[in-house]
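Structure assessment
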Amino acid sequence: MHVVRNSVDHGLEPPDERDAAGKHRRGKITLSAAQVGGDIQITISDDGRGLNREKILARGRDRGLIALDEEPEDRELWQLIFKPGFSTAEAVTNLSGRGVGMDVLDNTIKRLRGRIFVDSVWGQGATVVLAIPLSLAFIDSLVMRVGDRLFATPIGVVAEIFRPLCEQLTVITADGGGELVKVRDVMIPICRLDRFYGERPEKRDSLDEKIILVFQTSQGKIGLPVDELFDQQQVVMKPLQGYLEKIRASFGCALLGTGEVAMMLDCEKLTEGAL
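Residues numbered from 1 in each chain as written. Predicted model: local features only at pLDDT ≥ 70, side-chain atom pairs only at ≥ 80, totals over all residues. Heavy atoms only, no water.

**Brief notes about a negative patch on the surface**
As a reminder of what qualifies: Patches in this entry comprise residues that are over 30% relatively accessible and not in a salt bridge; like charges within 9 Å are linked, as are nonpolar side chains (Val, Leu, Ile, Met, Phe, Trp, Tyr) within 5 Å. Where accessible areas are quoted, they stem from the Shrake-Rupley method and a 1.4 Å probe; at the residue level, only the protein chains shown are allowed to cover. The rule for a salt bridge is simple: a side-chain nitrogen of Lys or Arg has to be within 4 Å of a carboxyl oxygen of Asp or Glu. Under this rule, positive means Lys or Arg and negative means Asp or Glu; His and the chain ends count for nothing. For the purpose of locating charges, the reference atoms are NZ of Lys, CZ of Arg, CG of Asp and CD of Glu. Counting from the N terminus, the helices are the DSSP runs of H or I reaching at least four residues and the strands are the DSSP runs of E reaching at least two.
Negative charge collects at one region of the surface, where Asp69, Glu70, Glu73 and Glu76 lie side by side. Within the element layout of this structure, Glu73 appears in the loop between helix H3 (53-62) and helix H4 (74-77).

This is how it looks when you write it as structure tokens:
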């Protein structure tokens, strides 16, 4: 409801402004829902103004969220609207701005282990997608080991699993920081968890000694090398609390049937270390 209110109040233009822009005087907001993998995706789109990149960029710089010489991509810039107290609205109305910001929506969706995607073209409108897991209690997951640590991921995001051959692998930087694996003539970027979390192991194994899991994300496919893969399991997930809440790319911890704990990976956030 909050997203719909924002679309009405901030997205759709007055009739005369829409006339001048060559649009129908009556604005349109579309709601749809679909099952995509293990998620229900609720999409709210409008044909209004769209997000104003210049206003959001200026407000972000005023608040110190973006450096003066930084020019972020749209996908990164739109994330600023989820910061507490962030708004470019010049006036508060009875439709939106009622003390419930987009940060509250973001926190609510995260508690459900969901994600929010925003896309917008200035003058053409904006789209907000709320992706919420179908199962909120038990999660069908793949459990894996990297080094001496256990990780898990919802099985719905796993596209394929294989052992790579040497001829499939490509290194694009001298220090091995950029790695690609070729799968059916498509180059897929590799995300190593030790590098993603800023660790520096004494010896980094070659990719041809690993098992590669390919994840399908909204930004494309990424490959995750692991040392060992366990059976599919139904796990109970618990949120991380306190200092552990700051762990990147994590939904929380998965409680395994053996009594062990695995970190549940958010594969969408892993793309930050691969793409």
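**With respect to the sheet that holds strand S13 (residues 228-238)**
For the record, the criterion: At least two bridges found by DSSP between two strands is the condition for calling them paired. All axes here are fitted lines through C-alpha atoms, helices being fitted over the stretch that makes contact, and every angle between N-to-C directions spans 0 to 180 degrees.
With mixed pairing, 5 strands are arranged side by side around a closed barrel as S5-S6-S15-S14-S13. Each strand axis lies, on average, 45 degrees off the axis of its neighbour in the sheet, ignoring direction. Two elements, S13 and strand S14 (residues 250-255), share 3 bridges in a ladder whose sense is antiparallel. Each residue of the ladder has a partner; that of Val236, found in S14, is Leu255.

**Thoughts on the pairing of strand S1 (residues 29-36)**
Bridge count for S1 against strand S2 (residues 39-46) is 8 bridges, and the pairing is antiparallel. Note on S2: the bridge partner recorded for Ala34 is Gln41. Taking the residues between adjacent antiparallel strands as the criterion, S1 and S2 are bridged by 2 residues, where Gly37 takes a positive phi near 65 degrees.

**Examining helix H5 (residues 102-111)**
Structural remark: α-helix, 3.6 residues per turn; residues separated by three or four positions point the same way. Formally: For each residue, the accessible area found with a 1.4 Å probe, counting protein chains only, is set against the maximum for its type, and the residue is called buried under 20%, exposed over 50%, and partly exposed in between. The directions considered for the arc run from the helix axis to the C-beta atoms. Should any heavy atoms of two residues lie within 4.5 Å, those residues are counted as being in contact.
Within H5, the full set of buried residues consists of Met102, Asp103, Leu105, Asp106 and Ile109. For H5, the angular spread of the buried residues around the axis is 160 degrees, confining them to a single face. Against helix H1 (2-11), strand S3 (115-121) and strand S4 (125-133) lie the buried residues of H5. Of the residues one or two after H5, Arg113 is the one with positive phi, at around 60 degrees.

These figures come from the coordinates and say nothing about function on their own.
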